Amino acid sequence: MQAFLTLGKYLTLGFWALPLLALFGSLPGEWNQHMLWAGVFVFFAHLGELIMVQGKLRAHDKAGIMDAVMVILVGFFYWLPIFQQEKS
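The structure presented is a predicted model; accordingly, all values stated were derived computationally and were not measured.

J.: Describe the packing of helix α1 (residues 2-23) against helix α4 (residues 76-87), naming the residues involved and giving the relevant values.
T.: Where α1 contacts α4, the axes come no closer than 9 Å and their chain directions differ by 155°. By the angle class used here, α1 and α4 are roughly antiparallel. Residues F4, L5, G8, K9 and T12 of α1 lie in contact with α4, whose contacting residues are F77, Y78, L80, P81 and Q84.

See the structure below:
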């Protein structure tokens, strides 16, 4: 399970490179616009995710700025291990 979460973190961070490249116009054709919209969609999805899990993160003393940034960047790949430690 840990390998899956680590791979997910790296793949999600790798995804963010595409909207950044699109922001500078480095992608061919209409890919710039598609990747920008994909980045906006994922950003707002992770922002909603942060709003939903903020209370549980606060209960685990993980409610700092860097924790919020990590949830926005990698989503549940960040907070899932924190909540699984609670069950152990």
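Further notes follow.
J.: Explain the packing of α1 against helix α3 (residues 65-74) residue by residue, including any values.
T.: One way to put it is that α1 packs onto α3 with a least axis distance of 8 Å and a crossing angle of 80°. When the interaxial angle is binned, α1 and α3 end up roughly perpendicular. Counting all contacts with α1, which are made through K9, T12, L13 and W16, the residues of α3 involved are I72, L73 and V74.

J.: Which residues make up the packing of aromatic side chains, and what are the values?
T.: Under the counting rule described, the total for this entry stands at five aromatic pairs. Ring geometry for W79 against F83: centres 5.0 Å apart, planes inclined by 45°, an arrangement best described as tilted. Placement of both W79 and F83 in helix α4 is noted, with a separation of four residues, approximately one turn of the helix. For W79, a relative accessible area of 16% translates into the label buried. The exposure class of F83 is buried, given its relative accessible area of 9%. Ring pairs connect the aromatic residues F4, F76 and F77, which therefore count as one cluster. Directly above the ring of F83 sits K56, whose terminal nitrogen or CZ lies 5.2 Å from the centroid.

Conventions we followed
Residues numbered from 1 in each chain as written. Predicted model: local features only at pLDDT ≥ 70, side-chain atom pairs only at ≥ 80, totals over all residues. Heavy atoms only, no water. Axes fitted to C-alpha atoms, helices over the stretch in contact; angles between N-to-C directions. Helix = DSSP H or I, 4+ residues; strand = E, 2+ residues; numbered from the N terminus. Parallel < 35°, antiparallel > 145°, perpendicular 65-115°, else oblique. Contact = heavy atoms within 4.5 Å. Phe/Tyr/Trp six-rings, centres within 6.5 Å; stacked < 30°, edge-to-face > 60°. Buried < 20%, exposed > 50% of the residue type's maximum accessible area, 1.4 Å probe, protein only. Lys NZ or Arg CZ within 6 Å of the ring centre and 35° of its normal.

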